[in-house]
Amino acid sequence: MNGHMTIGVLSLQGSVEEHLASLSLCEAVTPLPVKTPEALEQVDALILPGGESTAIVHLLRAFGLFEPVLQRAQDGMPVWGTCAGMILLAKELVDEPPHFGLMDILVRRNAYGRQIHSFTISDTIPAFSPHPMPLVFIRAPWMERVGPEVQILHTWNGHITAARQGNFLATAFHPELTSCPHIHRFFAHMARTALD
């Protein structure tokens, strides 16, 4: 599949509009907000945005989306989780049971502290771009452990903040809150490759 594709953004909570705007900068991609199982059926890949992971799971179930998203992901749909989305993807969480349990990572919620401890850094992540990019951390999690099939893409101060496993991508930070589209373009390329 080398043509146009549709990438959805789970639109129940979090920085949905920002993700949609970033996707609009990607070539041959139509962004689509996903609030219903019918909308989910129209997308080739899905972004799980930040927010509060427990609330997002509650809303997923309330909107009848939890099982359909899980099934599509298990069937090969590319999924990118940012911040709370990373928590949803994890097979293991510190101090609570997992949610989707799709990615072989152990995640600690709010690892960097409360909202007042949010921060932005500039760093280079070669998988995404050869140039430094802003990384925005808001009550961010980190990965304490990854499985053998997980590729670590970025660490900060000894903690894993970005990784990929097959069709799954996870970032502890919020690329959608910057003007840098590199990671959205990476995910679009990753999704297109998976669908070829």
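A quick note: this is a predicted structure, and the numbers were derived from the prediction, not measured. (Residues numbered from 1 in each chain as written. Predicted model: local features only at pLDDT ≥ 70, side-chain atom pairs only at ≥ 80, totals over all residues. Heavy atoms only, no water.)

Visitor: Any chance you could explain the overall build of the protein here in plain terms?
Guide: When its secondary structure is counted, the protein shows 6 helices and 12 strands. In summary, the protein has a C-alpha radius of gyration of 15 Å against a globular reference of 16 Å for 196 residues, a match within 12%. Referenced to the eigenvectors of the C-alpha coordinate spread, the extents of the protein come out at roughly 40 × 35 × 35 Å. Per-residue burial for the protein yields a buried fraction of 52% across its 196 residues. Restricting to contacts in the protein with at least 6 residues of sequence separation, those with at least 24 account for 66%. In the structure as shown, the protein presents an accessible area of about 8500 Å², 51% of it carried by carbon and sulfur atoms. In the protein, 12 positive and 18 negative side-chain charges are present, and the distance between their average locations comes to 4 Å. (Helix = DSSP H or I, 4+ residues; strand = E, 2+ residues; numbered from the N terminus. Rg over C-alpha atoms; globule rule 2.2 N^0.38 Å. Buried < 20%, exposed > 50% of the residue type's maximum accessible area, 1.4 Å probe, protein only. Contact = heavy atoms within 4.5 Å. Areas by Shrake-Rupley, 256 points an atom, 1.4 Å probe, with all protein chains shown as cover. Lys, Arg positive; Asp, Glu negative; His and termini not counted. Charge placed at Lys NZ, Arg CZ, Asp CG, Glu CD.)

Visitor: Hey, could you run me through the side chain of Ser11 in this one?
Guide: By the element assignment, Ser11 lies in the loop between strand E1 (5–10) and helix H1 (16–23). From its side chain, Ser11 meets the backbone oxygen of Val9 in a polar contact 2.7 Å long. With near-sequence residues (within four places) excluded, Ser11 lies in contact with Val16, Pro33, Val34 and Lys35. (Polar contact = N/O pair within 3.5 Å; in protein donor to acceptor, adjacent residues only side chain to side chain.)

Visitor: What should I look at first to understand unusual backbone geometry in this one?
Guide: It is generally the case that most residues other than glycine have a negative phi and that most peptide bonds are trans. For Ala28, which is not glycine, the phi torsion reads 60° and is therefore positive. Tracing the backbone through its elements, the reader meets Ala28 in the loop between H1 and strand E2 (29–34). Using a relative accessible area of 27% as the deciding quantity, one classes Ala28 as partly exposed. The backbone phi angle of Arg139 is positive, close to 45°, even though this residue is not glycine.

Visitor: Sorry if this is basic, but what is going on with the pattern of salt bridges here?
Guide: As a working rule, side chains carrying opposite charge can pair if their charged atoms are close by. For the structure on display, the rule yields 4 salt bridges. Residue Arg109 is joined to Glu96 by a salt bridge in which the shortest nitrogen-to-oxygen separation is 3.4 Å. Here Glu96 lies in the loop between strand E5 (90–93) and strand E6 (103–108) and Arg109 lies in the loop between E6 and strand E7 (119–123), a separation of 13 residues in the sequence. Note on Glu96: relative accessible area 22%, which makes it partly exposed. (Salt bridge = Lys/Arg side-chain N within 4 Å of Asp/Glu carboxyl O.)

Visitor: Help me understand the pairing of E2, please; the structure alone is not making it clear to me.
Guide: Here is the key point about a regular strand: its side chains alternate between the two faces of the sheet. The sheet contact formed by E1 and E2 spans 6 bridges and is parallel. Opposite Thr6, over in E2, you have Thr30 as the bridge partner. (Pairing = 2+ DSSP bridges.)

Visitor: Where do I start with the nonpolar core in this structure?
Guide: Inside soluble globular proteins, nonpolar side chains tend to come together where they are buried. Grouped together as the largest cluster of nonpolar side chains are 66 residues, with contacts concentrated most on Ile7, Leu60, Phe100, Ile105 and Leu169. Broken down by element, this core gets its largest block of residues, 6 residues, from helix H6 (residues 182–195). When sequence neighbours within four positions are dropped, the list of residues in contact with Leu169 reads Val79, Trp80, Gly81, Leu89, Phe128, Leu153, Ala163, Arg164, Ile183, Phe186, Phe187 and Met190. (Core = buried A, V, L, I, M, F, W, Y, C linked by side-chain atoms within 4.5 Å.)

Visitor: Sorry if this is basic, but what is going on with the environment of Gly166 here?
Guide: Structurally, the position occupied by Gly166 is in the loop between strand E11 (159–165) and strand E12 (168–171). It is 21 Å that separates the C-alpha atoms of Gly166 and Cys26, two residues lying 140 residues apart in sequence.

Visitor: Sorry, what's going on with the packing of helix H3 (residues 53–62) against helix H4 (residues 66–74) here?
Guide: Here H3 crosses H4 at 100°, and the two axes come no closer than 6 Å. When the axes of H3 and H4 are compared, the pair comes out roughly perpendicular. Each of Val57, Leu60 and Arg61 in H3 lies in contact with H4, whose residues at this interface are Phe66, Glu67 and Val69. Residue classes in the contact of H3 with H4 are distributed as 4 nonpolar, no polar and 2 charged. (Axes fitted to C-alpha atoms, helices over the stretch in contact; angles between N-to-C directions. Parallel < 35°, antiparallel > 145°, perpendicular 65-115°, else oblique. Nonpolar A, V, L, I, M, F, W, Y, C, P; charged D, E, K, R; others polar.)

Visitor: What is the right way to look at the environment of Leu46 in this model?
Guide: Within the fold, Leu46 resides in strand E3 (residues 45–48). Considering only alpha carbons, one finds Leu46 and Val57, 11 residues apart in sequence, at a separation of 15 Å. Excluding anything up to four places from it in sequence, Leu46 contacts Gly8, Val9, Leu10, Val34, Leu40, Val69, Met77, Pro78, Val79, Trp80 and Phe187.

Visitor: So what exactly am I meant to see when it comes to H3 here?
Guide: Residues three or four positions apart in an α-helix share a direction because the helix packs 3.6 residues into each turn. The complete set of buried residues in H3 reads Ser53, Ile56, Val57 and Leu60. The arc enclosing the buried residues of H3, seen along the axis, measures out at 100°, which places them on a common side. Exposed side of H3, more than 90 degrees from the buried face: His58 and Ala62 are the residues found there. Its buried side turned inward, H3 meets E1, H4 and helix H5 (84–89). (Arc of directions from axis to C-beta.)

Visitor: Help me understand the layout of surface pockets in this model?
Guide: Think of a ball as big as a water molecule: rolled over the atoms, this probe shows where empty space is left. In this structure, the largest pocket encloses a volume near 200 Å³. In terms of lining, the largest pocket is formed by 16 residues, of which the most central are Gly50, Gly51, Cys83, Ile138 and Arg139. Partitioned by chemical class, the residues of the lining of the largest pocket number 5 nonpolar, 7 polar and 4 charged. (1 Å grid on protein atoms, 1.4 Å probe; cavity = no way out; pocket = protein on both sides within 12 Å on 5 of 7 lines; lining within 4 Å. Points joined across faces, edges and corners; volume = space filled by probe spheres on them.)

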